[in-house]
Amino acid sequence: MAEQETDADAAGQRLLRRSAQRMRRRIERRPRLFVYLAIFGPGVITASAGNDAGGIATFASVGADHGYQLLWVLIPLTFSLGVVQEMCARMGAVTGKGLADLIRERFGVRWTALVMLALLVANGGVTVSEFVGIAAAMELFGIARYISVPIAAIAIWWLIVKGSYQRVERVFLAMSLVFLGYVVAALLAHPPWATVAVELVHPHFELAPAYLFTFVAVIGTTISPYMQVFIQSSVVEKGVRPESYRLTRIDVWVGTIFAILIVFFIVISTAATLHVRGEHVDSAAEAAHALRPLAGAYAETLFAIGLLGASMLAAGVLPLATAYSISEAFGFEKGVSSSFREAPIFLGIFTFLVALGALIAMMPGLPLIRVLLVTQVINGVLLPIVLFAVLRLVNDRELMGEYVNGPVYNLATWATAIIVSALSLLMIATSVFPNLFAK
Amino acid sequence: MLYLSQVLGRPILDLEGERVATLKDVIVRLGEDDHPPVAGFVARYRRRDFFLPRWRITDFGEAGVRLNSDILDLRPFVRRDGEVLLARDVLDKQLIDVDGKRVVRVNDVQLIEAANEWRVTGADVSLIGLWRRLAPAFLRSGRPVEVIDWADVGYLATDAATVQLKSSRGKLARLHPVEIARLAESLSYQHGAEIVEALDDETAAETLEEMAAERQAQILGDMDEERAADILEHMSPDEAADVLGDLPVEKAEDLLNRMEDEEQSEVAELLPYADDTAGGLMTTEFVAVPRDLTVGDALARLREMAETPNMIYYLYVVENEVSEKLVGVIALRSLILSDPSSPLEIVMRSDLQVAHPDDAAADVAQKIAEYNLLALPVVDEAGEILGIVTVDDAIEILLPKDWRQRLPKLIG
């Protein structure tokens, strides 16, 4: 009898609990950090994320300063980007863990500290570039950066900590689609397609500091360290398994090719409009001029909208993703809904990066476009550290089993890592000793 | 007291104090002990690993390890069942702290000597533990650290997990299924699945019910088929049917065939219905009583039921023992308050709300909310009761789509 009563009691409790559980499950089905990426496919979105303030500035400068000369880089770059992104996506699918997790578990504390430091510096640089992008965009609207940047920083911080960032995120994403206008602008500018075709397959290399600088910036902005972390997390978040990985691989390559195509058109449109007139990209207004064939007098407005959207989007996501990676690697409490007391380091890193980005972007007399390029160069210089870590992990048979790299992938990644390292060293050497390679 | 980081890489010395090898790892044997004893060491000599049993050692400390004889047994190291390597399997890995109900990352492992035996006492998860491994010795702090008692370590997220499943089961069972599900979901999918497998069938079923639908299907799909079927039997039929619906058809059929007859037929009845209909929402667990009973008989029948359904607040009155034709409903409340000798027919309400299997889920949920019901019976064309839709399923549908956006949420 008593037993029956407890049984009935338990049954009632189960019903209540399931009721609560349904409610909870419904509420918890909130979009997580990378889920909005997952709708499009992690590969496509992560690759497109490269077209942020730093990316636009870099490629606009490439087109304006070097014309079509650097177009040939895009083909090897497609392979490098695709291979690197694919490896990280594969690691996510096979291990179910993020890149920071794996680095900590396989390499121990010291190497983790080094890689995380590199990531912090690289992402810090990119965050700075995003706030610079916000400043540049708002200046096109005639609003001084001393007003726009602090407001944007506080707004981003508030939106993320209060958890409503995702609602505005889509607006930013839509705004940044303006950059697709470069494709149209490039076609309308009637570039010399024969020259374009030749330059695309005709390697051209100089040891001049300016050339090396641009070269490293191009690599750094295309294969940014944060993109590897992003893609792996989004694959894990999406719950991709090795059995269903094939689709993700396709997604990664489609995304890579799509992203490089956009870059291709940005370079062409700036080369066809700015380079032919000998103009350089020293300000956002000049970068906007390349959109004139499309928008005429509205080119600046259009450009400002795109730049603002792309910069606001990344200025929130990057500091957050950095804080997550570092907390994940070192096991700090994390989550934006935690209080400062619960997750001091997580929120500290996030806040620090937002504040740093905003403060640097507000420095008086800062050459905005130059800063954008420098941050991409930092990315390029630090990229090899992340690449070597990825290479070691992806070839770890205990971790990856049959999914370790094949020889072609290893060769391509080693080549990328070594070439980027060499270029970075060369660039540093030539900027310290400008006459090093002078004849 | 020692920390693992203080002994790793230290020399292994022979009787004369000569270095003969390097300490690579510390082996413990997980078992009944809350604080498992050190069983031996892995020694590294000329890029090969050797096993060093505990009894071959006299001293063990920051200065290194001292052997008790000059004879070094060069048996290559092979991991045995039930053994955990502290550096390889624990250090830098994640574990579940049952006491704090959270997943933490191990920065260091604490060892304490008691009664001439070294034991693992805790996992250091503090910043100071991190600093101890990063900083040069003279900068290290002697401050006390935040250590998780090894007795509270519920699960080690390591690749050598099979060794610990038995010891995990008891500790994880101290947590509520909701908490287990949350912890399992914050680990990688392999480790999440391992945790579910470590639980007993009942808890595993409850834990799975708390997880996202795709994850339930993935975990059960990857599991040993017999075990998966056992767990499915313990899930409520509507949940089980939902999971099976998410699995590939052959897999679902295989699992269904392995289930016990009774549970199998309950789940199988639910499978044909589309998710967004009354049939897809309903469960087959409900109480039905024939109309010719008295209130007392009905109560007695309720007590005698071998397995009480979750939903006992409504008793559905049917035509007779063979026919399931629904004629009325009695709330448990009125049943208890009525005179035991009065016939059910007098106490029951016959003007009851029903749904049909093909009714839209949203309409069903709406009806439940409108009439303030705890459950709504689903009947076929002949008026026979097929199942009931309970309020918990209705809640899920009724919550506004943008509800989640009004709540503070976690990104990531």
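Reading the values: the criteria
- Residues numbered from 1 in each chain as written.
- Chains lettered and ligands numbered in written order.
- Predicted model: local features only at pLDDT ≥ 70, side-chain atom pairs only at ≥ 80, totals over all residues.
- Pairing = 2+ DSSP bridges.
- Helix = DSSP H or I, 4+ residues; strand = E, 2+ residues; numbered from the N terminus.
- Axes fitted to C-alpha atoms, helices over the stretch in contact; angles between N-to-C directions.
- Parallel < 35°, antiparallel > 145°, perpendicular 65-115°, else oblique.
- Left-handed = near helix turned anticlockwise from the far one by under 90°.
- Nonpolar A, V, L, I, M, F, W, Y, C, P; charged D, E, K, R; others polar.
- Domains from an automatic or database assignment.
- Contact = placed C-beta atoms within 7 Å.
- Core = buried A, V, L, I, M, F, W, Y, C linked by C-beta atoms within 7 Å.
- Buried ≥ 20, exposed ≤ 12 C-beta atoms within 10 Å, placed from the backbone.

This part covers the pairing of strand E9 (residues 94–97) of chain B. All names here are of chain B. Bridging between E9 and strand E10 (residues 102–105) involves 4 bridges; their strand directions are antiparallel. Of the residues in E10, the one forming a bridge with Leu95 is Val104. The hairpin formed by E9 and E10 contains 4 residues between the paired strands, and Lys101 there has a positive phi angle of roughly 55°. As paired strands, E9 and strand E14 (residues 153–157) are joined by 4 bridges and run antiparallel to one another. Along E14, the bridge assignment pairs Leu95 with Leu156.

All names here are of chain A. Contact geometry for helix H6 (residues 99–140) and helix H16 (residues 299–330): axes closest at 8 Å, N-to-C directions at 160°. One finds that H6 runs roughly antiparallel with respect to H16. Relative to H16, the crossing made by H6 is left-handed. Each residue belonging to the contact of H6 with H16 can be placed in one class, and the counts come to 24 nonpolar, 7 polar and 5 charged.

Annotation of chain B at the domain level lists domain 1 (1–150), domain 2 (176–272) and domain 3 (281–397). In this assembly, 4 residues from domain 1 of chain B lie in contact with 4 residues from domain 2 of chain B.

Okay, the sheet that holds E10(B) next. Whenever strands of a sheet pair, they do so through backbone hydrogen bonds, lying parallel or antiparallel. Residue and element names in this part refer to chain B. Spatially, 3 strands are ordered E10-E9-E14 in an open sheet, and the strand pairing comes out antiparallel. Each edge of the sheet is formed by a strand with only one pairing partner; in this case those strands are E10 and E14. For this sheet the average axis-to-axis angle between neighbouring strands, irrespective of direction, equals 25°.

A few words now on the nonpolar core. Within the largest apolar cluster, 146 residues are counted, with the highest numbers of intra-cluster contacts made by Phe131(A), Ile134(A), Phe303(A), Leu307(A), Val386(A) and Val390(A). Ignoring any residue separated from it by four or fewer positions in sequence, one finds Leu307(A) in contact with Ala53(A), Ile56(A), Gly133(A), Ala136(A), Ala137(A) and Ala284(A). Of all hydrophobic cores here, the second largest spans 112 residues; its members include Val90(B), Ala157(B), Met259(B) and Ala298(B).

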